[in-house]
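# Summary of structural features
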Amino acid sequence: MITETELEALLETLARDQRVTIGFGDSNRRGWFRAQVVSHDAAAGQLVLTCFMDRTTDRALEEGERVVVAAIRNEDELQSVPMDVEHSSAGPEATVRLRIAGSWQREDERRNQVRVPLQLHATRARRWTAGAWRDLDATLIDLSSRGVGVSLDQEVHIGDRLSLAVPLADGQPDLRVTFEVRHVRPHTKPGQAWRAGGLFRTSTPADHERVIRFIYAELRSRQ
């Protein structure tokens, strides 16, 4: 019979072939890789991934390097954990072995961000692909001062750049932001095929202040 400790470890284990993201570099300018779980020994704190390094700017991870792994856990909740690189092979589909170096945390707790749920259709949405911007349909479903969640009519991939024109109804022109996709999955609601989210890549101080004012105006209006 399975013990309680074994059951807890099983529930903590990431599933084989589960998609995750690996963040590397300085926290203010972090880069992200798409990755897929090969094996996860939660009790031993070891995670083995296939890391998809398919962009010209991607580099191999170094032994001893501290990274962040983000994954969907506990019924659709995005969480992240620091890990240390024990080994990384080279090539576009590198095998990476990691050792846990902290505890799993919810993304909103880690960033200490206020995130407001929305249903706000973007005036225009575009995805950078094949060297050009391509239009797609997007609806904002949540917003924080650092990033955004969207519903999309097309599949996107982790690491993609999306550009949005957002009507904030604050008497100013549409807010224009670009963000990098950090997580994506099929949508469970009809009408939109995919759900994605990520952090803003570039944001001027004035735009950052607009977003914060909009968020708190939304929160006040709901009280």
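It should be emphasised that the depicted structure is a prediction, and the values quoted were computed from it without experimental measurement.

## Here we look at the overall build of the protein chain
Scanning the protein chain for helices and strands turns up 3 helices and 15 strands. Of all 223 residues assigned to the protein chain, the portion counted as buried reaches 43%. Contacts in the protein chain between residues at least 24 apart in sequence constitute 51% of all its contacts with a sequence separation of at least 6. Looking at the protein chain as shown, the accessible area adds up to about 12,400 Å², and 48% of this sits on carbon and sulfur atoms.

## Observations regarding the pattern of salt bridges
One pass over the full model with this rule turns up 9 salt bridges. Ionic pairing is found between Asp-170 and Arg-210, a salt bridge with its closest N-O pair at 2.9 Å. Highlighted residues: Asp-170 in the loop between strand E13 (161-166) and strand E14 (175-186) and Arg-210 in helix H3 (residues 205-222), separated in sequence by 40 residues. By relative accessible area, Asp-170 is classed as partly exposed at 31%. As a salt-bridge pair, Arg-213 and Glu-209 come within 3.1 Å of each other at their nearest N and O atoms. Taken together, the residues Arg-213 and Glu-209, both in helix H3 and 4 residues apart, mark about one turn of the helix. The network of salt bridges with common partners includes Glu-86, Arg-97 and Arg-99.

## Brief notes about the nonpolar core
Within the largest apolar cluster, 26 residues are counted, with the highest numbers of intra-cluster contacts made by Leu-140, Leu-143, Val-148, Val-150, Leu-152, Leu-164 and Phe-179. Of all the secondary-structure elements, those providing two or more residues to this core are strand E8 (116-121), strand E11 (138-143), strand E12 (147-152), E13, E14, strand E15 (194-202) and H3. With 4 residues, E14 is the single largest residue contributor to this core. Other than its neighbours up to four places away in sequence, Val-150 contacts Thr-139, Leu-140, Ile-141, Leu-164, Phe-179, Trp-194, Arg-195 and Ala-196. Formed by 22 residues, the second largest nonpolar core is a distinct cluster that contains Leu-47, Val-81, Ala-94 and Trp-104.

## Considering the packing of aromatic side chains
Scanning the model with the defined rule gives 1 aromatic pair in all. Ring geometry for Trp-128 versus Trp-133: centroids 5.3 Å apart, planes at 70°, classification edge-to-face. Judged by relative accessible area, Trp-128 falls into the partly exposed class, the value being 32%.

## Let's talk about the sheet that holds E12
On the basis of which strands lie adjacent, the open sheet formed by 8 strands has the order E8-E11-E12-E15-E14-E13-E9-E10 and antiparallel pairing. Looking at strand neighbours, the two that pair on one side only are E8 and strand E10 (132-136), the edges of this open sheet. Each strand of the sheet is rotated relative to its neighbour by a mean of 35°, with strand direction disregarded. As paired elements, strand E9 (residues 124-129) and E13 share 4 bridges and run antiparallel to each other.

## Quick word on the pairing of E12
Along E12, 6 of the 6 residues are buried, which leaves the element largely enclosed by surrounding structure. Along E12, one buried face is formed by Gly-147, Gly-149 and Ser-151 and the opposite face, lined by Val-148, Val-150 and Leu-152, is buried too. The pairing of E11 with E12 spans 5 bridges and is antiparallel. Within the sheet, the bridge partner assigned to Ala-138 lies in E12 and is Leu-152. The hairpin turn running from E11 into E12, its antiparallel successor, is 3 residues long.

Rules used throughout
- Residues numbered from 1 in each chain as written.
- Predicted model: local features only at pLDDT ≥ 70, side-chain atom pairs only at ≥ 80, totals over all residues.
- Heavy atoms only, no water.
- Helix = DSSP H or I, 4+ residues; strand = E, 2+ residues; numbered from the N terminus.
- Buried < 20%, exposed > 50% of the residue type's maximum accessible area, 1.4 Å probe, protein only.
- Contact = heavy atoms within 4.5 Å.
- Areas by Shrake-Rupley, 256 points an atom, 1.4 Å probe, with all protein chains shown as cover.
- Salt bridge = Lys/Arg side-chain N within 4 Å of Asp/Glu carboxyl O.
- Core = buried A, V, L, I, M, F, W, Y, C linked by side-chain atoms within 4.5 Å.
- Phe/Tyr/Trp six-rings, centres within 6.5 Å; stacked < 30°, edge-to-face > 60°.
- Pairing = 2+ DSSP bridges.
- Axes fitted to C-alpha atoms, helices over the stretch in contact; angles between N-to-C directions.

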